[in-house]
Amino acid sequence: MIAVTFLGLGKYNKEKGIYEYEETKYCYDGKEIDTCYFPYAVKVFTAPDKLAVIMTEKASKEHSERLSKKCEYDSIIIEEGKTEQEIWEIFSKITDYITEESEVVVDITHGFRSQPVILLACLVYLKALKNVRVKQILYAAFDARDENNKTPVFDLKPFLDLMDWSYGVYEFINNGNSKEF
């Protein structure tokens, strides 16, 4: 199984002169883990064979050393996505990384602006062309943390399933094909 996650810069700490993420207790599926790095929590929660962290060169310079002390991962260095060409390069890097017949878990927590949408397009593409199976789409809702600093983690895969189901409905209504159900 492959887990794919994003990591951005986080907030700039003027006192320390670094970008960082706040420490929280991520809660998912009866498990809890204290960390500032959700990619690390993804690794603990899902136990993938490989973890890929998608980040810009700047985010890599800020966080790679600290994150590598917590877990092993593959870096996928991307551009910021400021042009259409850069967006297609992000799409290509993700789809090239994930191999045929893979089972994947994806995390969109730190996906910047359009990145979760690009990742969703990658998943639909990979399911169709590489027979990839999506196990989970995780999102840690940091802004929904409680008074004990516990951050809930949600699996958004049912929304991808809804897209598949909607396509099945379309096929049935327009072509009489019930195979997609």
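What counts and how
- Residues numbered from 1 in each chain as written.
- Predicted model: local features only at pLDDT ≥ 70, side-chain atom pairs only at ≥ 80, totals over all residues.
- Heavy atoms only, no water.
- Helix = DSSP H or I, 4+ residues; strand = E, 2+ residues; numbered from the N terminus.
- Rg over C-alpha atoms; globule rule 2.2 N^0.38 Å.
- Buried < 20%, exposed > 50% of the residue type's maximum accessible area, 1.4 Å probe, protein only.
- Contact = heavy atoms within 4.5 Å.
- Areas by Shrake-Rupley, 256 points an atom, 1.4 Å probe, with all protein chains shown as cover.
- Lys, Arg positive; Asp, Glu negative; His and termini not counted.
- Charge placed at Lys NZ, Arg CZ, Asp CG, Glu CD.
- Phe/Tyr/Trp six-rings, centres within 6.5 Å; stacked < 30°, edge-to-face > 60°.

### Quick look at the overall build of the protein chain
Right, on to step 1. Secondary structure summary: the protein chain contains five helices and ten strands in total.
Right, on to step 2. For 181 residues, the compact-globule estimate of 2.2 N^0.38 gives 16 Å, and the protein chain sits close to it at 17 Å.
Right, on to step 3. Reported as C-alpha extents along the three principal axes, the dimensions of the protein chain are approximately 65 × 40 × 25 Å.
Right, on to step 4. The burial tally for the protein chain puts 43% of its 181 residues in the buried class.
Right, on to step 5. Pairs at least 24 apart in sequence give 57% of the contacts found in the protein chain among residues at least 6 apart.
Right, on to step 6. Accessible surface for the protein chain amounts to roughly 10,400 Å². Of this, 50% is attributable to carbon and sulfur atoms.
Right, on to step 7. For the protein chain, the centre of its 23 positive side-chain charges and the centre of its 31 negative side-chain charges are spaced 3 Å apart.

### A short note on the packing of aromatic side chains
Right, on to step 1. In the structure shown here, the tally under the stated rule is six aromatic pairs.
Right, on to step 2. Consider the rings of tyrosine 21 and tyrosine 37, whose centres lie 6.3 Å apart with planes at 65 degrees: the pair is edge-to-face. Taken together, the residues span a long stretch of sequence, with tyrosine 21 in the loop between strand S3 (18-20) and strand S4 (24-28) and tyrosine 37 in the loop between strand S5 (31-35) and helix H1 (38-46) at a distance of 16 residues. For the residue pair tyrosine 21 and tyrosine 37, the accessibility class agrees, reading buried in each case.
Right, on to step 3. Both rings, one in tyrosine 26 and one in phenylalanine 38, keep their centres 4.7 Å apart while their planes meet at 55 degrees; by these two values the pair is tilted. Remark: phenylalanine 38 occurs in helix H1 and tyrosine 26 occurs in strand S4; sequence separation between them is twelve residues.
Right, on to step 4. You can call phenylalanine 38 buried: its relative accessible area is 0%.

### Regarding unusual backbone geometry
Right, on to step 1. You will see that alanine 47, though not glycine, has its phi angle at about 50 degrees, which is positive.
Right, on to step 2. Structurally, alanine 47 is set in the loop between H1 and strand S6 (50-56).
Right, on to step 3. Positive phi values are uncommon outside glycine, yet asparagine 131 reaches one of about 55 degrees.
Right, on to step 4. Secondary-structure assignment places asparagine 131 in the loop between helix H4 (115-129) and strand S9 (133-140).
Right, on to step 5. A residue is classified by how much of its surface remains accessible, and asparagine 131, at 41% relative accessible area, is partly exposed.

By themselves, these figures tell us nothing about what the structure is for.
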